[in-house]
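Listed below, chain by chain, are the residues.
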Amino acid sequence: MTTKDRNAFAPSRRAVLAGMGAGLLATTGLVRPVMAQGAPLKLGFQLHATGIGASYGRWYQRTADAAAKMINDMGGIGGRPIELIYEDDGTDPKRGAEVVDKMANQHGCELILGTLFSHVVMGSAPRAGELKIPYLVCSEGYHVASGALNRWTLQPGITDVRSQISAMAPWVAANLGKKVTMVFPDYAFGHDHRDFFTAAMKAQGGEVIAQIAIPPTETSFTQYLPQIPAETEVLYHVMVGPGVLTFVKELGEFYGPGNGPKLFGFIDSLEAVDIATPGLEFLEGSHFWEAHNRVKPADAGEHEAAYRAAVGVDDNGASVADATDVSTYSHMFSTWETLFFIKQAMEAAGYTGPADRQKLVETMEGISDLPYGIERPQGAKVFNGKTHQVFGTQTISQVQGGKLVKVHQTSMADGAYDDAVDYTTMSF
Amino acid sequence: MKSVALHLGVLVLLVVAQFLLPSYHANNLSRILVLAVFAMGYNIAFGYSGLLSLGHALLFAAGMYGAGMLVHHAGTAALLALLIGTLAGGIMATLVGLLALRTAGVSFMIVTLMFAQVGFLTILYFNGVTGGDEGIALTAPERQFIGLDLTQDAPRFWVALVLFVIALAANLALVRSRFGRVMLAMRENEERSRMLGFNPYVVKLQILVISGLFSGAAGAAYALLFGYIGGSFASVQYSILPMLYVLLGGAATVLGPLLGAGLMFYLIDFASGLTSAYLMVVGAALVALVLFAPKGILGTIRERWLPWLP
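Notes on the structure in this doc start here. Note that this is a predicted model, so its numbers are computed, not measured.

Turning our attention to the overall build of chain B. Counting its regular elements, chain B contains 14 helices and four strands. Relative to its length of 310 residues, chain B is compact, with a C-alpha radius of gyration of 19 Å against a globular reference of 19 Å. The principal-axis extent of the C-alpha atoms belonging to chain B is close to 55 × 45 × 40 Å. Of all 310 residues assigned to chain B, the portion counted as buried reaches 50%.

As structure tokens, this is what we get:
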């Protein structure tokens, strides 16, 4: 072996020093952000794949997948691709808390998002708070803004139900009538509608003249319909679940075609349901709240088409692959917008890993204006860092020829209410 | 002696597991221990005494709301709330038992189911106080238990373990006592027990109250340890689950509820990661159990190999 050969294998003193220096830097963590580039950011998604929320969950997953693909095509978050880790919570609060644990501790997710049903949010948020992991819900429940939860729980992708309901009252009072009878399910969701809409109508000079609560186990509504006062001008209905089909059919039989008060409802009852379904004919001409118009409106924003194409929804709000597979269009945008909110906040916070979670929440709390764009296809929003709740505009649609046609868009001021909590004063 | 050694060995294993298991599984263990206490209560009624109830969710919920609402609305200390929640389970069992025990067999199942539904709907109806279907998230200050912060994993496990140890010891003592023999007699031949001088109505009411105390303690502990009370815990699902835990682990075995709760927990956890049709996997496992081990896992082991197993 020649001297030259030995030098080829034996490192020089300078090379050894350089190597030691690099090793020292690596062990002290100084180069960690550089090394982390390219490693996927795991985002846990609490999915209602089974249980009562399954039809929502199916579309939430499709929408979130589409958003994740777009974010990754844009270069990911801070240069790192994102990977969505789905766990089915069975739309059950007990299981919800367990999957929060699983995603945080077993999958190593940076944060958790996506929960819709309020009871699952309420059951899971305490565990998220214990784990000190950001928990971004897509629930529209008032539970976040009411102050019932903790500093780690935020709702940046969808307006809460209190604001939605309040925003409806001015238009209903001005266009449909001032004497309202409400029919609602006799549990928390229905009670939110009862309380907030009654107050909002009163502020508009209107009056809720009867409140008819339907027990959740009820399968027929004929015994309740005679309780609707004859002087009712507007029948406000919100019946989540399959009962809505029976309710509408029996309502039609009770009043007869073309008769009865004007109807106003929340589309929650009919998400993932074709409005042209036989038995729903009585809804023709009635009005509904929609957050995001299922049927593409004539004045749709410039990003609407790209959003629909990315998620795989046609202009009628159904899957492009199956016209009978109707989407949950007024809710599912929340997963898309939440993911883009996460991207914005993580990049602003310089997020590198779990040690930055608190900084991430503080950064989120500092975000306010969320302008319209492909990141927010439903519309511009304002995030309230104190209440951890986002606010946006709502729309009212009319059933015309078996389709939902947009007739009105509210202003953000229509749904404004005073802050009930300041999470920023709470400890982490 | 063998059975005492076995149960002590299980407790040692649980303690060791807490230190060895990763965080996710260690916390699952806390959940399983509390659910096992619930299943023990069910086992006392169903496994040992033949009272096939479909209303134990009500007893669990009585404990959960008894404790949860006290700490949330009245600021009651968590230890006192746990005790009151336990009593609430017993009192609810007394009220249900006084009426339901006038029936037997299928009628008893239906009546207990009806009572549980009434409880469930009552929780939804009074949602201003109970939180209804949404429920109530308990805050950290509400979950301070004799100086222990139950929002932290380690104190939570130790409290769950102590509760489990007390329940296990009580269960073991009960089934080895004279009253335990009477329970078995009621299950095997109620008429002969009556002829021997026992009043079946009174004995079964006592059994149901003991079962309710276990269930109430589990419900109260679940609220305080995991920080949430909600109407779904009073739904029929939570009457079915303890039955499945007991059937899987082994009816009328002291450790069967723990084994059943643990296996069912991980069966759901594992299967839900594979398919959204995970309940079919659970169902197939139960069918296989009925076909090949109708007495449950420990029941079969006792029958074939360990006749001394309590």
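So, next bit.
What follows is about the sheet that holds strand S9 (residues 262–266) of chain A. Residues and elements named next belong to chain A. Pairing in this open sheet of seven strands is mixed, and the strands run S7-S6-S8-S9-S10-S14-S15 from one edge to the other. The open sheet has two edge strands with one neighbour each: strand S7 (207–214) and strand S15 (403–409). Recorded for the sheet is a direction-independent mean angle of 25 degrees between the axes of neighbouring strands. For strand S14 (residues 395–400) and S15, the ladder comprises six bridges, and the chain directions are antiparallel. Bridge pairing in S15 places glutamine 398 opposite valine 405. Helix H8 (residues 188–203) contacts strand S6 (179–185), S7 and strand S8 (234–237) of the sheet and is inclined by roughly 165 degrees relative to S6.

What follows concerns the sheet that holds strand S13 (residues 389–392) of chain A. Residues and elements named next belong to chain A. If you trace the three strands from one edge of the open sheet to the other, you get S11-S12-S13, paired in antiparallel fashion. Strands with a single pairing partner mark the edges of an open sheet, and in this sheet they are strand S11 (369–370) and S13. Bridge analysis of strand S12 (residues 381–384) against S13 gives four bridges, and the strand direction is antiparallel. Counterpart to phenylalanine 383 in the pairing with S13 is valine 390.

Glancing now at the interface of chain B and chain A. At the junction of the two partners, chain B supplies 22 residues and chain A supplies 27 residues. For the side of chain B that touches chain A, the secondary structure elements donating two or more residues are helix H2 (23–45) and helix H5 (106–125) of chain B. Tallied by class, residues from the side of chain B that touches chain A come to nine nonpolar, 11 polar and two charged.

Here the focus is the pairing of S9 of chain A. All names here are of chain A. In terms of burial, S9 is largely enclosed, as four of its five residues are buried. One ladder, built from four bridges, connects S8 with S9; its direction is parallel. Bridge assignment links histidine 237 to a residue of S9, and that residue is glycine 265.

What counts, and at which threshold
- Throughout, a residue's number is its position along its own chain's written sequence, starting from 1.
- The lettering of chains begins at A and the numbering of ligands begins at 1, in the order of writing.
- Only residues with pLDDT of at least 70 get local features here, since the model is predicted, and only at 80 or more are side-chain atom pairs given and counted; chain-wide, interface and lining totals rely on the full set of residues.
- A run of DSSP states H or I qualifies as a helix once it reaches four residues; a run of E qualifies as a strand once it reaches two. Both are numbered from the N-terminal end.
- What the globule rule says is 2.2 Å times the number of residues to the power 0.38, and the radius of gyration is computed from C-alpha atoms.
- Field definition: a residue is buried when 20 or more other C-beta atoms are found within 10 Å of its C-beta, exposed when 12 or fewer are, and partly exposed for counts in between, with C-beta atoms placed from the backbone.
- When DSSP finds at least two bridges between two strands, those strands are taken to pair.
- Note on method: axes are straight lines fitted to C-alpha atoms, helices fitted across the in-contact stretch only, with angles between N-to-C directions ranging 0 to 180 degrees.
- Here, residue contact means that the backbone-derived C-beta atoms of the two residues sit within 7 Å.
- Put simply, Ala, Val, Leu, Ile, Met, Phe, Trp, Tyr, Cys and Pro go in the nonpolar bin, Asp, Glu, Lys and Arg in the charged bin, and everything else, Gly too, in the polar bin.

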